[in-house]
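Inside the fold
This is what each chain is made of:
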Amino acid sequence: MKHATVRMPVETAQARAGARHQFAIAGVALALAAGLGTPALARALASSWRMPIEPALIGVGFLVALAFLAAGWALGRRVDRLADEARRDPVTNVGNRRHWEECLSHEVERAAKAKMPLSLLMVDVDNLKKLNDSAGHGAGDIALSIVGEVLNDTCRSRDVAARFGGDEFAILLPRTRAAEARVVAERIRTELAQRRREHNAPLDGLLTVSIGICDLVSLDEPRAHLLFDAADRALYAAKQGGRDRVEVYERVPATSTVIRLDDRRGRKKHKRFSI
């Protein structure tokens, strides 16, 4: 399976980079202390190479600093890998719910502040329970891993894909409107249809997904929970409409009777004063 890097919010990525640098700087500091504090090693080196003590001290300090720098950087990378694994779903190789919750509010806030589009895809694996019941949970895990592969191969580097629940996935598409998000959703369905043909029954007959879409501009307020709820309603419509399909949330215009009566009063008042 393709091993994709779990995308993080920009601030989180910068914090990790800073942590790596801090490990490296700390290593250099320790190295300098160790190198300058070992004159005996420098004297031995100077005696062996028949060179003055000052260059030997500098050489020892440099070598020890380089070793500590490499060790600090390697430790920082190890911390990165562990943090990445903590945010990755092991079955599907996309982000997990923890990762999703970190990214959702951040992406909504950033899109609203920059006045940029943002779309959310809610993806539900159709018939997962039927797969588990008919062929065992191993077949269900294979189905989930195939979906994860498709998402990793289809999504762009700036997109955020995560497994939200047992058979549900969520994909954030920054700088993407609903019409463009629908193209991505249909691409996911098409790619999944091709992949499932490579497998035997029941996967080749049951593995499909339903997808609900909502973009931020369709909401009255740019709120993370509103975006999630609207995309989830679109997903429900796709499931109710027959599954293996894509539905886009559309805001229902207000139809308040009070507003209509107020409009009528305004028109009558305008007509009375214009006579």
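The written sequence of each chain sets the order in which its residues are numbered from 1. For a predicted model such as this one, the threshold for reporting local features is a pLDDT of at least 70, and the threshold for listing and counting side-chain atom pairs is 80 or more; totals across whole chains, interfaces and linings nevertheless cover every residue. With hydrogens and water stripped out, all remaining heavy atoms of the structure feed into the side-chain values.

Counting residues in hydrophobic clusters, the biggest one holds 29 residues, and the most contacted among them are L121, I171 and I211. Counting from the N terminus, the helices are the DSSP runs of H or I reaching at least four residues and the strands are the DSSP runs of E reaching at least two. Of all the secondary structure elements, the ones that give two or more residues to this core are strand 1 (118-126), helix 5 (128-135), helix 6 (137-154), strand 3 (168-174), helix 7 (178-196), helix 8 (203-206) and strand 4 (208-215). With six residues, helix 6 is the single largest residue contributor to this core. By the convention used here, residues are in contact when the closest approach between their heavy atoms is within 4.5 Å. Those residues in contact with I211 that sit more than four places away from it in its chain are L121, M122, V123, A185, I188, R189, L235, A238, R245, V246 and E247. Definition used in this section: a nonpolar core is a set of buried Ala, Val, Leu, Ile, Met, Phe, Trp, Tyr and Cys residues joined via side-chain atoms within 4.5 Å. The cut-offs for exposure are 20% and 50% of the maximum accessible area for each residue type, with area from a 1.4 Å probe on protein chains only; residues under the lower value are buried, those over the upper are exposed, and the others partly exposed. Counting residues in each nonpolar core, the second largest holds 24 residues, with A170, C214, A224 and L235 among its members.

Here is the rule: rings of Phe, Tyr and Trp (six-membered ring for Trp) pair when centre to centre is within 6.5 Å. Planes less than 30 degrees apart are stacked, more than 60 are edge-to-face, and the remainder are tilted. Applying the stated rule across the entire model yields two aromatic pairs. Pairing W100 with F164 gives two aromatic rings, centres 6.2 Å apart and planes at 85°, and the pair type is edge-to-face. Linking W100 in helix 4 (residues 97-114) with F164 in the loop between strand 2 (160-163) and strand 3, this pair joins segments that are 64 residues apart in sequence. Owing to a relative accessible area of 14%, F164 belongs among the buried residues under this scheme. An angle of 45° between the planes, with centres 5.2 Å apart, marks the rings of F164 and F228 as tilted. Of this pair, F164 sits in the loop between strand 2 and strand 3 while F228 sits in helix 9 (residues 224-240), and the two are 64 residues apart along the sequence. Just as F164 is buried, F228 falls in that class too. One aromatic cluster is present, built from ring pairs that chain together W100, F164 and F228. Two thresholds decide whether a charge sits over a ring: the Lys NZ or Arg CZ must be within 6 Å of the ring centre and within 35 degrees of the ring normal. For R97, the ring lying beneath its charged end belongs to F164, and the centroid distance is 4.3 Å.

Salt bridge criterion: a side-chain nitrogen from Lys or Arg within 4 Å of a carboxyl oxygen from Asp or Glu. Taken as a whole and assessed by the stated rule, the structure comprises 16 salt bridges. A salt bridge links R110 to E107; the nearest nitrogen and oxygen atoms lie 3.1 Å apart. One end of the pair is R110 and the other is E107, both in helix 4 and three residues apart, which spans about a single turn. Residue classification places R110 among the partly exposed residues on the basis of a relative accessible area of 31%. A relative accessible area of 2% means that E107 is categorised as buried. With its nearest N and O atoms 2.7 Å apart, the salt bridge here joins R195 to E191. Residue R195 and its partner E191 are located together in helix 7, separated by four residues, close to a single helical turn. Counted as one network, the salt bridges with shared partners bring together E149, D153, E191 and R195.

Take the residue count of a helix, subtract one, and multiply by 1.5 Å to get its expected span. Along its 19 residues, helix 7 runs 27 Å from first to last C-alpha, staying within 8% of the 27 Å computed at 1.5 Å per residue. What helix 7 keeps buried is the set A178, A181, V184, A185, I188, L192, A193, R195 and R196.

A large share of strand 3 lies buried, amounting to seven of its seven residues. Neither face of strand 3 is exposed, since E168, A170, L172 and P174 on one face and F169, I171 and L173 on the opposite face are all buried. Pairing between strands requires that DSSP locate at least two bridges from one strand to the other. Looking at chain direction, strand 1 and strand 3 are connected through seven bridges and run antiparallel. Across the sheet, residue L120 finds its bridge partner in strand 3, namely L172. Two elements, strand 2 and strand 3, share four bridges in a ladder whose sense is antiparallel. Within the sheet, the bridge partner assigned to A162 lies in strand 3 and is A170. Where strand 2 folds back on strand 3, the antiparallel hairpin that results is connected by four residues.

This next bit is on the environment of A238. Mapping A238 onto the fold places it in helix 9. According to the relative accessible area criterion, A238 is buried, its value standing at 0%. Every residue in contact with A238, bar those within four places of it in the chain, is listed here: S210, I211, R243, R245 and E247.

Another point: helix 5. The complete set of buried residues in helix 5 reads L128, L131 and N132. Relative to the axis of helix 5, the buried residues are bounded by an arc of 95° and lie together on one face. In helix 5, the exposed residues that point more than 90 degrees away from the buried face are K129, D133 and S134. Summarising the contacts, the buried residues of helix 5 are in contact with strand 1, helix 6 and helix 8. This arc describes the spread of directions from the helix axis toward the C-beta atoms.

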